[in-house]
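# Descriptive analysis of the structure
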Amino acid sequence: MTVVSVLPEVQAFLDRHHGLYIDGTWTPSNGRERLSVFNPATGSVIGSVADATVEDIDRAVASARGSFLKRTWRDMSPAARERVLLRLADLVERDAEFLAQLETLEQGQSITLSRILESGGAQSWIRYVAGLSTKITGQTFDVSIPLPLEARYTAYTRKEPIGVVAGIIPWNFPLLIGVWKVLPALAAGCSVIAKPSETTPLTMLRFAELATEAGVPDGVFNVVTGLGSLAGERLVRHHNVTKVSFTGSTPTGKRIAEHCASRLARVSLELGGKNPAIVLADADPSRVISGLTMAGFMNQGQICAACSRVYVEAPLFDTVAAGLQNALSDMSIGPGMDDAAFINPVVSAAHQMKVQGFLDSASEAGAEMVWGPQAPDPHGFYVRPALVINPDDAVPLTRDEVFGPVMTLTRVASAEEALARANDTPFGLASSLWTRSVDAAMRLPPRMDAGTVWVNSHVMIDPNMPFGGMKESGIGRDFGTGWLDAFTETKSICIQH
Ligand code: NAD
């Protein structure tokens, strides 16, 4: 066990009386309520943030709108905008350990994961998106408008920043997903209000300071902390918010979509999943076992694309079941700041209860459970990792998104049966196929209902590979060279000459 010591500057940040980040500076909330931030490893309070009121949200929107109308950021040359965003990536690199520790302390995840995926991933994604600032293009058109006689026309399109964007962020990777919600909007020239989850608000607050230090003009990037039911609702219903970029649960996504529809605000939704893996009899078992252990249990399964259902063709079933069982019994469990612990607490007491509820009801229904290590600290928000063998397809644990360290393992007679059961879900975010057959690798992915299908891998993402959901897993795609399209409007300009 190697427990990482908290940096003094991280402790100083935790001890601050955080306000809201509006107009490039800290401003107090006009309300008096505070939201506590907990360390999931101990269950103790490590800080607090402002609980934004309706008036606070209105001020943040006014600041973003004011900066958009002033045009400083959107009219900056694309190369200058790119330079500012690249500088922001450099500042995240400079403060990588600070941000990784802050993330682990508020979210609970392994410090190793925080270093690689949060502060490390944030740098990669910021640099990728920064580069898109200088790749925004339109088209020119030869048109055949017949009137007036003899007139000639030239038409072209411009991609213009959409306006004020609300970026609403979940708690599972607060910094990295925060970057996904904020950066494409900034790269396109929009002004942004970010609202992190009330459970994990701290890294976005620090990120806001870094954005100002990098040279993002005041008002272009604001961060408000507060409850989804109040601050979040006010943001998505605000008439001056032109676009909502949301990552979170499917029920919240549906509610936001309804609000946006009522005023035709643009909306992108990255939502939940119930992501299957199909393991064919010819797959390499050691690759399957190590790949699915990561895909199902990394960050305690609190990954939208995590593998939660595994369908294995009968001849390989016992081997895969035994391998995953061994992996489970070998897992070390402990606080995220212990860099040797693979399983850490889940994010909150409420989420711990929710996941435990799914496990208890499956267990009471007679499901065969294989358990991993016990929680080391009764005060931390730990959930004992579990493998559920051959559960009924109708039980909630098999159908609903659990978002915890739990994986179901089901024996199937054929690839066709696996495919039918894998697709029998309202979700369609991600899935994987495990096989050594080139033929199967070509034939099956097009028939799998998911925005991403991995072959012989699962949960591996890249900024250049579009990511998003089919069915109830969302609308729109993040990442890739077309990412900024969702943050721009196409304007046709037609010149008679
Ligand atoms: P959540 O839906 O409870 O909350 C997400 C955010 O929405 C929070 O900031 C919350 O305060 C805010 N919010 C809540 N109610 C709101 C409302 N009525 N109006 C506006 N904002 C509101 O989700 P969560 O529990 O924080 O995150 C976990 C979920 O996120 C899981 O379902 C997971 O699958 C999903 N997720 C999806 C992706 C993806 O890319 N598809 C990535 C990560 C997480």
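Residues numbered from 1 in each chain as written. Predicted model: local features only at pLDDT ≥ 70, side-chain atom pairs only at ≥ 80, totals over all residues. Heavy atoms only, no water.

### With respect to the overall build of the chain
Each helix and strand in the chain was counted, giving 15 helices and 20 strands. The C-alpha radius of gyration of the chain comes to 24 Å, within 12% of the 23 Å expected for a compact globule of 497 residues. For the C-alpha atoms alone, the extent of the chain along its principal axes is close to 75 × 60 × 40 Å. The buried share of the chain, reckoned over its 497 residues, is 58%. (Helix = DSSP H or I, 4+ residues; strand = E, 2+ residues; numbered from the N terminus. Rg over C-alpha atoms; globule rule 2.2 N^0.38 Å. Buried < 20%, exposed > 50% of the residue type's maximum accessible area, 1.4 Å probe, protein only.)

### Notes on the packing of helix H4 (residues 96–107) against helix H7 (residues 202–214)
At a minimum axis separation of 9 Å, H4 and H7 run at an interaxial angle of 155°. By the angle class used here, H4 and H7 are roughly antiparallel. For the pair formed by H4 and H7, the contact residues are Phe-98, Leu-99, Leu-102, Glu-103 and Glu-106 on the first element and Leu-202, Thr-203, Arg-206 and Leu-210 on the second. Among the residues forming the contact of H4 with H7, the class breakdown is 5 nonpolar, 1 polar and 3 charged. (Axes fitted to C-alpha atoms, helices over the stretch in contact; angles between N-to-C directions. Parallel < 35°, antiparallel > 145°, perpendicular 65-115°, else oblique. Contact = heavy atoms within 4.5 Å. Nonpolar A, V, L, I, M, F, W, Y, C, P; charged D, E, K, R; others polar.)

### Section: the pattern of salt bridges
As enumerated under the stated definition, the model contains 27 salt bridges in all. The salt bridge partner of Arg-115 is Glu-97, with a shortest N-O separation of 2.9 Å. Remark: Glu-97 occurs in helix H4 and Arg-115 occurs in helix H5 (residues 111–132); sequence separation between them is 18 residues. Judged by relative accessible area, Arg-115 falls into the partly exposed class, the value being 31%. Taking relative accessible area as the criterion, Glu-97 reaches 27% and is therefore assigned partly exposed. Salt-bridge contacts for Asp-478 lead to Lys-181; the nearest nitrogen and oxygen are separated by 3.1 Å. In this pair, Asp-478 is assigned in the loop between strand E19 (474–475) and strand E20 (488–496) and Lys-181 in helix H6 (residues 174–188), connecting sequence segments 297 residues apart. Its relative accessible area of 3% is what places Asp-478 among the buried residues. (Salt bridge = Lys/Arg side-chain N within 4 Å of Asp/Glu carboxyl O.)

### Quick notes on the site of the ligand
In the region of the ligand, 28 residues are neighbours, and Glu-198, Glu-233, Ser-249, Leu-271 and Glu-401 sit closest. Separating an oxygen atom of the ligand from a side-chain N or O atom of Lys-195 is a distance of 2.9 Å. The contact in question runs from an oxygen atom of the ligand to an N or O atom on the backbone of Gly-248, over 3.3 Å. Burial of the ligand by the surrounding chains reaches 90%, relative to a free accessible area of 850 Å². Contributing elements (two or more residues each) for the shell around the ligand: helix H8 (228–237), strand E10 (243–247) and helix H9 (250–263). For the shell around the ligand, the per-class residue count stands at 13 nonpolar, 9 polar and 6 charged. (Near = heavy atom within 4 Å. Polar contact = N/O pair within 3.5 Å; in protein donor to acceptor, adjacent residues only side chain to side chain. Areas by Shrake-Rupley, 256 points an atom, 1.4 Å probe, with all protein chains shown as cover.)

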